[in-house]
Amino acid sequence: MGSLAGRVALVTGASRGVGKGIALGLGEQGATVYVTGRAAVGGPATTPFGGTVEETADEVTALGGRGVAVVCDHADDEQSRQAVERVVAETGRLDLLVNNVWGGYEHFWDGTEFWREAGFWTEPIARWDSMFGTGVRAHYVTSVLAAPTMVAQGSGLIVNVSSDAAEKTDAGVSYGVAKSATDRMVACMAHDLRPHGVAAVSLYPGLVRTESVLRAAEFFDMSDSESPQFIGRAVAALAADPDVMRYSGQVVRSAALGREYGFTDVDGRRPGTGGPTYQG
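As the structure is a prediction and not an experimental result, all values here were calculated from the model. (Residues numbered from 1 in each chain as written. Predicted model: local features only at pLDDT ≥ 70, side-chain atom pairs only at ≥ 80, totals over all residues. Heavy atoms only, no water.)

Visitor: So what's going on with the overall build of the chain? Which residues, and what values?
Guide: Scanning the chain from N- to C-terminus turns up eight helices and seven strands. Counting the 280 residues in the chain, one finds 54% classified as buried. For the chain, the accessible area works out to roughly 11400 Å², and carbon and sulfur atoms hold 51% of it. (Helix = DSSP H or I, 4+ residues; strand = E, 2+ residues; numbered from the N terminus. Buried < 20%, exposed > 50% of the residue type's maximum accessible area, 1.4 Å probe, protein only. Areas by Shrake-Rupley, 256 points an atom, 1.4 Å probe, with all protein chains shown as cover.)

Structure below.
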């Protein structure tokens, strides 16, 4: 894996979970990483799991990168605009955007026994709205805001964190449709970006040991799970690849990238393909 020293990244939804792991994976390679999220030191808790953008930024810096915390609610377009504009104003560039922020996972802590749900008609409609509003739409809006800088540079990479639920029929209607939309968005964005030397990919993690998944670990097969930082190493490998355009418009999987680029998880393991889908 090549160094990312001098590269500038923006990772959305990075106060905990997969977003934090991605930020840390980029920090390991020396990148400057702007991390966004609603949870900030001294602010109200957004979940029971803790974690703030400041904590993530500090850990990025401790790993050898430069972490910058940005408090941002990506459900608000103006806050997203201000976040992107800050990155460009302070650094003059934007090499990597990772759209990780997502809505709809509230059922991990809102008291809903989601494992007892039997059919889409038993799920709250609000879950659909959250996944599309704070998920799919937020990915689109932040990409719209970041693309002009990348196009002007003639280089860049947009990564949408997605899920193999897009290819399944048993992962929930809201989740499956939202992730399918995410993947289609990448394919269409890649078409527009290709002439400008900018790549866009969808990334499928395996089952990730996020705080919310660990809380519900009894309902998952954790034997081939991945740490959040493993996903970060996958993104870092893509960002350092001078031939990343060959993946543009496609779905890539973290485990497959581990085999191709030769990186392992934080425990030295190299997770395989297949298994349960990414959650949380």
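Visitor: Summarise the confidence of the model for the chain; cite the residues concerned and give the values.
Guide: In this model, the chain carries a mean pLDDT of 88, and residues with pLDDT of at least 70 account for 86%. The low-confidence segment residues 273-280 (pLDDT under 50) makes 39 contacts with residues lying over four places distant or belonging to another chain. (pLDDT = per-residue confidence, 0-100. Contact = heavy atoms within 4.5 Å.)

Visitor: I'd like to hear about the pattern of salt bridges, residue by residue, with values.
Guide: Applying the stated criterion across every chain, the model contains 13 salt bridges. The salt bridge involving Glu 59 is made with Lys 20; its shortest N-O contact spans 2.8 Å. In this pair, Glu 59 is assigned in helix H2 (residues 53-62) and Lys 20 in helix H1 (residues 17-28), connecting sequence segments 39 residues apart. Overall, Glu 59 belongs to the partly exposed group, its relative accessible area being 33%. Ionic pairing is found between Asp 243 and Arg 246, a salt bridge with its closest N-O pair at 3.8 Å. By relative accessible area, which is 44% here, Asp 243 ends up partly exposed. Residues joined by salt bridges that share partners form a network here, namely Asp 241, Asp 243, Arg 246 and Glu 260. (Salt bridge = Lys/Arg side-chain N within 4 Å of Asp/Glu carboxyl O.)

Visitor: Got a sec to walk through helix H8 (residues 254-261)? Specific residues and values, please.
Guide: By the burial criterion, the buried members of H8 are Ser 254, Ala 255, Leu 257, Gly 258 and Tyr 261. One side of H8 carries all its buried residues, which in axial view fall inside an arc of 160°. For H8, the elements touching its buried residues are strand S6 (198-204), helix H7 (228-240) and strand S7 (251-253). A positive phi of about 85° marks Gly 262, the residue just after H8. (Arc of directions from axis to C-beta.)

Visitor: Before we move on, can you summarise the sheet that holds strand S3 (residues 66-71) with the specific residues and values?
Guide: Reading across from one edge, S3-S2-S1-S4-S5-S6-S7 is the order of the seven strands in this open sheet, with parallel pairing throughout. Only two strands of the sheet have a single neighbouring strand rather than two, namely S3 and S7. Put simply, the sheet's adjacent strands are angled 20° from each other on average, direction ignored. Here strand S5 (residues 156-161) pairs with S6 via six bridges, running parallel. (Pairing = 2+ DSSP bridges. Axes fitted to C-alpha atoms, helices over the stretch in contact; angles between N-to-C directions.)

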